[in-house]
Amino acid sequence: MSRSHSEPAWRKASRSSDPSIAACVEIAAIDDRRAVRDSKNPGGPKLSFTVAEWRTFLAGIKSERFEL
């Protein structure tokens, strides 16, 4: 879905509605990229990834490749 000329549709993980989880990010599909921002600072900096980079990142999370 392309939203190049309007405000992107940012979304948060459903688990972030828990008030005990203060840190959360939001993601948005912007043209052929995926953008990430801090939900506590929506006007702040944003990271941008290609769809392939985003899918690789998600696969790494699901395979527990990253240490938290």
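Quantities reported herein were computed from a predicted structural model and do not represent experimental measurements.

Draft legend 1. Up close: the packing of aromatic side chains. Throughout the structure, instances matching the rule amount to three aromatic pairs. Aromatic pair Phe49 and Trp54: ring centres 6.0 Å apart, planes at 35°, arrangement tilted. The interplanar angle of 40° and the centroid separation of 5.6 Å between the aromatic rings of Phe57 and Phe66 together place this pair among those described as tilted. You can call Phe66 partly exposed: its relative accessible area is 36%.

Draft legend 2. A look at the pairing of strand 2 (residues 25-30). Pairing geometry for strand 1 (residues 11-12) and strand 2, over two bridges, is antiparallel. Residue pairing in the sheet places Arg11 in a bridge with Ile27 of strand 2. As defined by bridge partners, strand 2 adjoins strand 3 (residues 33-38) across six bridges and the pair is classed as antiparallel. For Ile27, the partnering residue across the bridge sits in strand 3 and is Val36. Taken together, strand 2 and the strand that follows it, strand 3, pair antiparallel across an intervening segment of two residues, in which Asp31 is found at a positive phi of about 55°.

Draft legend 3. Spatial organisation of unusual backbone geometry. Phi at Asp31 is positive, roughly 55°, even though this residue is not glycine. In this structure, Asp31 sits in the loop between strand 2 and strand 3.

Draft legend 4. How the structure looks around the sheet that holds strand 4 (residues 46-50). If you trace the four strands from one edge of the open sheet to the other, you get 1-2-3-4, paired in antiparallel fashion. Both outer strands of the open sheet, strand 1 and strand 4, are each paired with one neighbouring strand and no more.

Draft legend 5. Layout of the confidence of the model for the chain. Taken over all residues, the pLDDT of the chain has a mean of 84, while the share at 70 or more is 79%. Taken element by element, the chain is modelled with least confidence in strand 1, mean pLDDT 89, and with most confidence in strand 4, mean pLDDT 96.

Draft legend 6. Structural detail: the pattern of salt bridges. Under the definition given, this model contains two salt bridges. A salt bridge links Glu26 to Arg37, with the nearest nitrogen and oxygen atoms 2.6 Å apart. Of this pair, Glu26 sits in strand 2 while Arg37 sits in strand 3, placing them eleven residues apart in sequence. Here Glu26 matches Arg37 in class, with each residue buried. Salt-bridge contacts for Asp38 lead to Lys40; the nearest nitrogen and oxygen are separated by 3.3 Å.

Calculation criteria
- Residues numbered from 1 in each chain as written.
- Predicted model: local features only at pLDDT ≥ 70, side-chain atom pairs only at ≥ 80, totals over all residues.
- Heavy atoms only, no water.
- Phe/Tyr/Trp six-rings, centres within 6.5 Å; stacked < 30°, edge-to-face > 60°.
- Buried < 20%, exposed > 50% of the residue type's maximum accessible area, 1.4 Å probe, protein only.
- Pairing = 2+ DSSP bridges.
- Helix = DSSP H or I, 4+ residues; strand = E, 2+ residues; numbered from the N terminus.
- pLDDT = per-residue confidence, 0-100.
- Salt bridge = Lys/Arg side-chain N within 4 Å of Asp/Glu carboxyl O.

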